[in-house]
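# A closer look at the structure
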Amino acid sequence: VTDSGRSIESELSFDPAAPQNLSVKILVNFFGCDSANESRDSNMLDTVEAYITPYAGWSSEKVVVVSDRQDGEQRTLELDVAGPFSVRGQAVPLSTRVTVTIKGDRARVVTTFDSHLKDHGIKPPSLLGIKVADTVPVRVDLSFRLDGPGLMPAAEALPAQQPASM
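Residues numbered from 1 in each chain as written. Predicted model: local features only at pLDDT ≥ 70, side-chain atom pairs only at ≥ 80, totals over all residues. Heavy atoms only, no water.

Trp58, Leu79 and Val100 are the most contacted members of the largest nonpolar core, which totals 29 residues. Among the elements of the structure, β3 (23–29), β4 (55–59), β6 (74–87), β7 (90–103), β8 (106–116) and β11 (135–145) are those that each provide at least two residues to this core. At five residues, β6 tops the list of elements feeding residues into this core. Once residues lying within four places of it in the same chain are set aside, the contact partners of tryptophan 58 are Val24, Lys25, Ile26, Val81, Gly83, Pro84, Phe85, Leu94, Thr96, Val98 and Thr111. (Core = buried A, V, L, I, M, F, W, Y, C linked by side-chain atoms within 4.5 Å. Buried < 20%, exposed > 50% of the residue type's maximum accessible area, 1.4 Å probe, protein only. Helix = DSSP H or I, 4+ residues; strand = E, 2+ residues; numbered from the N terminus. Contact = heavy atoms within 4.5 Å.)

Next up, the structure:
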């Protein structure tokens, strides 16, 4: 599955019969991010040096099936997924718990993790005398059709389930 939108490009390969073969690649274009505060967005672009490296990215390299549960028509998998997470062209290893929910022809892939600016060579800035936190929470939430052309609108997606902690 490939999706190219205003700020996100993603590739997802998932076979429900072989979940350990999950493959995911996600690129986020910083120039497409909009926090509804133009000044904050401009400062973010400067801080991550988006004019030099405009993308943050994550790709899977290793997947381990932690659990696989069937509850009526819904199947829920918990996977430990590891691979490099890159911001500002600097990649760091990332391992995170991913929840995959499948019902009928729809699937949803959800994970959350923390990224640390210093890990990517970014000095947390101060804005108006207030120091920006080094830790940035990241949430990935992809919904797609197993037999369809690609990612689907949020309105058609399965309800999200919060991934378990690793």
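The structure having been displayed, the exposition proceeds.
All right, on to helix α1 (residues 38–47) then. The N-cap residue of α1 is asparagine 37: its side-chain oxygen and the backbone nitrogen of serine 39 are 3.1 Å apart. One or two positions beyond α1, positive phi appears at glutamate 49, with a value near 50°. (Polar contact = N/O pair within 3.5 Å; in protein donor to acceptor, adjacent residues only side chain to side chain.)

We now examine the pairing of β7. With 14 bridges connecting them, β6 and β7 associate as antiparallel partners. Of the residues in β7, the one forming a bridge with valine 81 is threonine 96. The turn linking β6 back onto β7 is made up of two residues, and arginine 88 within it adopts a positive phi angle of 60°. For β7 and β8, the ladder comprises five bridges, and the chain directions are antiparallel. (Pairing = 2+ DSSP bridges.)

With antiparallel pairing between neighbouring strands as the criterion, β7 and β8 make up a hairpin whose turn holds two residues, including glycine 104 at a positive phi of roughly 65°. Relative to β11, β8 runs antiparallel, the two being bridged by eleven bridges. Paired with arginine 108 across the two strands is serine 143, which belongs to β11.

Here the phi dihedral of glutamate 49 falls at roughly 50°; this positive angle occurs in a residue that is not glycine. For glutamate 49, the location among the structural elements is in the loop between α1 and β4. Of note in the backbone geometry, arginine 88 takes a positive phi value of approximately 60° without being a glycine. Looking at the element boundaries, arginine 88 is found in the loop between β6 and β7.

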